[in-house]
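One letter stands for each residue in the lines below.
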Amino acid sequence: MKLKNSLVAAAVVAICGGLPAQSWAESFEEKFTFSGFGTLGGVVTDEDDFDFRRDQQPDGASTSADAGVDSNIGVQVNFQANSWLSATVQGLAMRRDEHDMNMEIEWAFVKATPLPGLTLRAGRMAMPTFLVSDSRNVGYANTWLRAPNEVYGLAVVPRIDGGDVTYTREVGSVRLTGTMMAGSSEALAVGQHFNMRNILGGNLQLQKDAFTVRAGTVSGDVTVSPVQQDKYSFHGVGVSYDKGNVLAQAEYVQRRSSNFYNTVSADGWYTMGGYRFGAFTPYAIVAQTKPHTSTSEPPSPFGTLSGKQQTFSAGLRWDAMSFAAIKLQYDHVDADGTNGISFEQPGAPIVPGFPNSMFISVDTVNVISATIDFVF
Amino acid sequence: MKTIYRLVLAATLALSFGVAHADVVVVVSAKSPASKLTKEQVADIFLGRSTNMVPLDQAAGSPVRDEFYSKVAGQTAAQVKTTWAKLSFSGKGTPPKALGSDDEVKAQLAANPNAIAYMDKSKVDASVKTVLEP
């Protein structure tokens, strides 16, 4: 991974150094774009015993409010060398698998468009698992306050170091976009980081007028221990509609593992609808996840990575200012006595070596969240 | 009766003012090979779905800009900004450059035959060519 970062850096320097000094000085400002985004948020629940969190955060909100679940800040520099070559670096600080917000290089890639419709990228990129994989952390870019954890929380590999090829073609009034990618990364599961190699993925997107349909799959080899390998895969389909005042979106995903089938495998889906009344967009989301089990596979020796969970959410996005949106969201979460997916119990481990989120038992929890999402 | 006349007069004035305030047209350089474009084609170019031409924006918050996006794409300023936040923070593109005046727009169009812009119909002169009257 270090090597790939240096390759990206070298490529950026090469692009910059290759320009004649004079035009460099003249067009410096035109070629660089600096931008950023962020979210300032607070969450509170009616549950004392467990923390409500997103993804694999080690702690979150309970009856005492928490600002770390949704708050983040990202900065991005884009360098457009010429009409077909550019470089993008994005740094993002948020609570990941540690309590503190750490700034990490989320993406650093060089992008080339050698022919119309053909795009090649190399470097670090978002893992294209979902309908909104690459802008899920940009609160301002989304209607909802946070992506439904029942679906977006299932992914254990947020980014990939490698390359991808995208080809876009218009067939009549339908825009078809196909992407193939390969690379390596790190998977984060059961509180540990695992090396992941031979990642291969592909997705196909169809867009016609206000409709977008997307299907994708990605898999990779996980090194669980020096002697044990696993194969991880993730498949998903999504559809979105956005026209005039109406917006709707739905996704269905599957997470699978070869050697730990009954620990890791899970399915998730959500459906969202919203309506714009000028600057106000009320919306509602129903989301569900449950473990996927198979009797032909060995039983899990240590519970399931995520349990059953269903959430009903109602929220409001208010485009209050030209650069910021204010959001409020209420979630009614029901984990049906399982460990769910949005909960963790901070403190001493119940089973040494594993996160407590695998062994807790949660019923219903009500959650209230508020954020200000901004771009600059 | 008098009140009703006043109301009708006020309404008529408001309506005529509303119609007269702007008539946005989409333009390219007079030297551009482009001739006629559809609303969908123009919306694709300005919302980052097509990279066939280089879009130029007017100043954020200007009435001509708001009218352009409303007529061509059916989107409010906030929706357009959300779309570009999605694209730019996923490295898929950068928003069109916003120019401060019609003169600047005309100068940029003259310098780049592949550029496309919009302006009030009354500002159109021989240096530009209208490709769409939405």
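What counts, and at which threshold
Residues numbered from 1 in each chain as written. Chains lettered and ligands numbered in written order. Predicted model: local features only at pLDDT ≥ 70, side-chain atom pairs only at ≥ 80, totals over all residues. Helix = DSSP H or I, 4+ residues; strand = E, 2+ residues; numbered from the N terminus. Rg over C-alpha atoms; globule rule 2.2 N^0.38 Å. Buried ≥ 20, exposed ≤ 12 C-beta atoms within 10 Å, placed from the backbone. Contact = placed C-beta atoms within 7 Å. Core = buried A, V, L, I, M, F, W, Y, C linked by C-beta atoms within 7 Å. Nonpolar A, V, L, I, M, F, W, Y, C, P; charged D, E, K, R; others polar. Pairing = 2+ DSSP bridges. Axes fitted to C-alpha atoms, helices over the stretch in contact; angles between N-to-C directions. Arc of directions from axis to C-beta. pLDDT = per-residue confidence, 0-100.

A. Representation of the overall build of chain A within the structure. A count of helical and extended segments in chain A gives four helices and 18 strands. Relative to the compact-globule value of 21 Å for 376 residues, chain A shows a C-alpha radius of gyration of 21 Å, a close match. If one aligns the C-alpha atoms of chain A with their principal axes, the spans along those axes are about 65 × 55 × 45 Å. When the 376 residues of chain A are sorted by exposure, 42% land in the buried category. Excluding contacts between residues fewer than 6 apart, the proportion of contacts in chain A whose partners are at least 24 apart in sequence is 56%.

B. Representation of the overall build of chain B. On a plain count of helices and strands, chain B comes out with five helices and five strands. For chain B, the α and β elements follow one another from N to C terminus as α-β-α-β-α-α-β-α-β-β.

C. Structural view of the nonpolar core. If you look at the biggest cluster of nonpolar residues, it comprises 43 residues, and the most contacted ones within it are A155(A) and A187(A). Judged by nonpolar contacts, the second largest core, of 34 residues, contains V42(B), I45(B), F46(B) and V80(B).

D. A look at the interface of chain A and chain B. Opposite the 22 residues of chain A that make contact, chain B presents 14 residues. Taken together, the residues of the side of chain A that touches chain B sort by class into nine nonpolar, nine polar and four charged.

E. Broad picture of the pairing of strand β4 (residues 115–120) of chain B. Residue and element names in this part refer to chain B. Of all six residues that make up β4, five are buried, and the element is covered over most of its length. Where strand β1 (residues 24–29) lies against β4, five bridges are found, and the strand directions are antiparallel. Each residue of the ladder has a partner; that of V27, found in β4, is A117. Direction of pairing for strand β2 (residues 54–58) relative to β4: parallel, over a ladder of two bridges. The residue bridging V54 from the neighbouring strand is A115, located in β4.

F. Representation of the sheet that holds β1(B). Residue and element names in this part refer to chain B. In space, the five strands of this open sheet follow the order β3-β2-β4-β1-β5, with mixed pairing throughout. Two strands close off the open sheet at either side, each with one partner strand: β3 (97–99) and β5 (128–132). Neighbour-to-neighbour, the strand axes of the sheet open up by a mean angle of 40 degrees, direction not taken into account. Across four bridges, β1 lies against β5 in antiparallel orientation. By the bridge assignment for β5, S29 is matched with V128. Strand contacts of helix α5 (residues 102–111): β1, β2, β3, β4 and β5, with the helix running at about 155 degrees to β4, the strand carrying the most contacts.

G. Seen up close, helix α3 (residues 63–73) of chain B. Residues and elements named next belong to chain B. Residues F68, Y69 and V72 constitute the buried set of α3. Taken end-on, α3 shows its buried residues confined to a sector of 90 degrees, consistent with a single buried face. Tucked into the core, α3 has its buried residues touching β1, α2 (39–46), α4 (77–88) and β4. In the segment just after α3, G74 is the residue with positive phi, at about 65 degrees.

H. Structural detail: the pairing of strand β15 (residues 309–321) of chain A. Residue and element names in this part refer to chain A. Direction of pairing for strand β14 (residues 280–291) relative to β15: antiparallel, over a ladder of ten bridges. Directly across from Q288, in β15, lies its bridge partner Q310. Where β15 folds back onto strand β16 (residues 324–334) in an antiparallel hairpin, the turn is made up of two residues.

I. Representation of α2(B) within the structure. All names here are of chain B. In terms of burial, α2 is largely enclosed, as six of its eight residues are buried. Residues Q41, V42, A43, D44, I45 and F46 constitute the buried set of α2. Check the buried side of α2 and you find it contacts β1, β2, α3, β4 and β5. Downstream of α2 by a residue or two, G48 has a phi angle that is positive, lying close to 75 degrees.

J. Highlighting unusual backbone geometry. Residues and elements named next belong to chain A. Positive phi, normally seen in glycine, also occurs at V190, with a value near 40 degrees. For V190, the location among the structural elements is in the loop between β8 (174–189) and β9 (192–208). With 20 C-beta atoms packed within 10 Å, V190 lands in the buried category. Of note, the phi angle at D209 is positive, near 50 degrees, even though the residue is not glycine. Relative to the assigned elements, D209 resides in the loop between β9 and β10 (211–225).

K. A look at the environment of L132(B). Residue and element names in this part refer to chain B. Inspection of the secondary structure puts L132 in strand β5. Sequence separation of L132 and A107 is 25 residues, and the distance between their C-alpha atoms is 20 Å. Residues within four places of L132 in sequence aside, it is in contact with V26, L37, K39 and V42.

L. Quick peek at the environment of G163(A). Summarising the element assignment, G163(A) is placed in strand β7 (residues 159–171). For G163(A), a count of 17 C-beta atoms within 10 Å corresponds to the partly exposed category.

M. Representation of the confidence of the model for chain B. Residue and element names in this part refer to chain B. When the pLDDT values of chain B are averaged, the result is 86; 84% of them are 70 or greater. Predicted confidence for residues 15–20 stays below pLDDT 50, and this span has zero contacts to residues more than four positions away or in other chains. Reported for the predicted complex are a pTM of 0.88 and an ipTM of 0.84.

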